[in-house]
Amino acid sequence: GENVEQHPSTLSVQEGDSAVIKCTYSDSASNYFPWYKQELGKGPQLIIDIRSNVGEKKDQRIAVTLNKTAKHFSLHITETQPEDSAVYFCAARWDGGATNKLIFGTGTLLAVQP
Amino acid sequence: GAGVSQSPRYKVAKRGQDVALRCDPISGHVSLFWYQQALGQGPEFLTYFQNEAQLDKSGLPSDRFFAERPEGSVSTLKIQRTQQEDSAVYLCASSLARGEQYFGPGTRLTVT
């Protein structure tokens, strides 16, 4: 079945450093890849997404890259700040089916040390 | 504007009890999803509604789980005869057709 693998499971960086989280998906039909940030006790919040017709997308300090051939996509956070500390989830979806369900990775706990 | 709301935020149930979890989606969102999130894991799909039609319930773990959205707005996830393995956070999300999914804060269910 569909599967999304995410690495690393935990990541600790110093404030101001960059952080990179990587995901691999199994369903080659997937064409939509969002990233969510989840803070303790809250629901996931969409922070950036990318569609399969685009290789890279940036929004201020956040960027996502997609390699469809290798079925890899990555989240890049530059100039990290303590408020970036949270659990980050990647997800994949196929927009061609009857269901728009998201398949999530297992999450990355990012800790930004002041 | 108002986001997705869920109630209750926390629910403790004794094993064998029935529970009902409510989701109020963003106004105008035709798509509504339920996900289950176990501790330390990513959300897992349970079921999907387009308006009042339940188009996919392939993720419901057993026939003890039932979801409805009778008027195409508010949805209720019901779990009958709760078991300890049902303990999790239940997340609701809504979207415009094939759009970004916006999540509610979740309901944390603990079965004792």
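Coordinates for the structure precede this section.
Just so we're clear, the structure is a prediction, and the values are computed from it rather than from any experiment.

Cut-offs used in this document
- Residues numbered from 1 in each chain as written.
- Chains lettered and ligands numbered in written order.
- Predicted model: local features only at pLDDT ≥ 70, side-chain atom pairs only at ≥ 80, totals over all residues.
- Heavy atoms only, no water.
- Helix = DSSP H or I, 4+ residues; strand = E, 2+ residues; numbered from the N terminus.
- Buried < 20%, exposed > 50% of the residue type's maximum accessible area, 1.4 Å probe, protein only.
- Contact = heavy atoms within 4.5 Å.
- Areas by Shrake-Rupley, 256 points an atom, 1.4 Å probe, with all protein chains shown as cover.
- Lys, Arg positive; Asp, Glu negative; His and termini not counted.
- Charge placed at Lys NZ, Arg CZ, Asp CG, Glu CD.
- Pairing = 2+ DSSP bridges.
- Axes fitted to C-alpha atoms, helices over the stretch in contact; angles between N-to-C directions.
- Disulfide = S-S within 2.5 Å.
- Salt bridge = Lys/Arg side-chain N within 4 Å of Asp/Glu carboxyl O.

(A) View of the overall build of chain A. On a plain count of helices and strands, chain A comes out with 0 helices and 11 strands. Along the chain direction, N to C, the helices and strands of chain A fall in the order β-β-β-β-β-β-β-β-β-β-β. Once the C-alpha set of chain A is aligned to its principal axes, its extents read approximately 45 × 30 × 20 Å. Here chain A holds 114 residues, and the buried ones make up 46% of them. Excluding contacts between residues fewer than 6 apart, the proportion of contacts in chain A whose partners are at least 24 apart in sequence is 54%. Entry remark: accessible area of chain A is about 5,500 Å², with carbon and sulfur atoms responsible for 48%. Each charge class in chain A was averaged separately, 11 positive and 13 negative side chains, and the resulting centres sit 6 Å apart.

(B) Quick peek at the sheet that holds strand β6 (residues 56-59) of chain A. Residue and element names in this part refer to chain A. Spatially, 5 strands are ordered β1-β3-β8-β7-β6 in an open sheet, and the strand pairing comes out antiparallel. Looking at strand neighbours, the two that pair on one side only are β1 (4-7) and β6, the edges of this open sheet. Across the sheet, the mean angle separating the axes of adjacent strands is 15° when strand polarity is ignored. Looking at chain direction, strand β7 (residues 62-67) and strand β8 (residues 72-77) are connected through 6 bridges and run antiparallel. Paired with threonine 65 across the bridge in β8 is serine 74.

(C) Region of the structure containing the sheet that holds strand β1 (residues 5-7) of chain B. All names here are of chain B. Spatial ordering of the open sheet is given by β1-β3-β8-β7, a layout of 4 strands whose pairing is antiparallel. Strand pairing shows two members of the sheet lacking a second neighbour, β1 and β7 (65-68), which therefore form its edges. Strand-to-strand twist of the sheet, defined as the mean angle between neighbouring strand axes without regard to direction, takes the value 15°.

(D) Molecular detail of the state of the cysteines. For the coordinates displayed, the defined rule picks out 2 disulfides over all chains. In this model, A:Cys23 is linked to A:Cys90 through a disulfide, with the two sulfur atoms separated by 1.9 Å. One disulfide, between A:Cys23 and A:Cys90, carries an S-S torsion of -100° and so falls in the left-handed class. Remark: A:Cys90 occurs in strand β9 (residues 86-92) and A:Cys23 occurs in strand β3 (residues 19-25); sequence separation between them is 67 residues. Per residue, the accessibility class of A:Cys23 equals that of A:Cys90, and both read buried. Covalently, B:Cys23 is tied to B:Cys92 through a disulfide, its sulfur atoms 1.9 Å apart. Of note, the bridge from B:Cys23 to B:Cys92 carries an S-S torsion of about -65° and is left-handed in sense. With B:Cys23 in strand β3 (residues 19-24) and B:Cys92 in strand β9 (residues 88-95), the pair connects residues that are 69 residues apart, well separated along the chain.

(E) Structural view of the pattern of salt bridges. Enumeration over the complete set of coordinates arrives at 7 salt bridges over all chains. Residue A:Asp84 is joined to A:Arg61 by a salt bridge in which the shortest nitrogen-to-oxygen separation is 2.9 Å. One end of the pair, A:Asp84, is in the loop between β8 and β9; the other, A:Arg61, is in the loop between β6 and β7, with 23 residues separating them in the sequence. Relative accessible area serves as the criterion here: at 7%, A:Asp84 is assigned to the buried category. Salt-bridge contacts for B:Arg22 lead to B:Asp24; the nearest nitrogen and oxygen are separated by 2.7 Å. On the basis of relative accessibility, which here comes to 38%, the residue B:Arg22 falls in the partly exposed class. If you follow the salt bridges from partner to partner, you end up with A:Lys37, A:Glu39 and A:Lys42 in one network.

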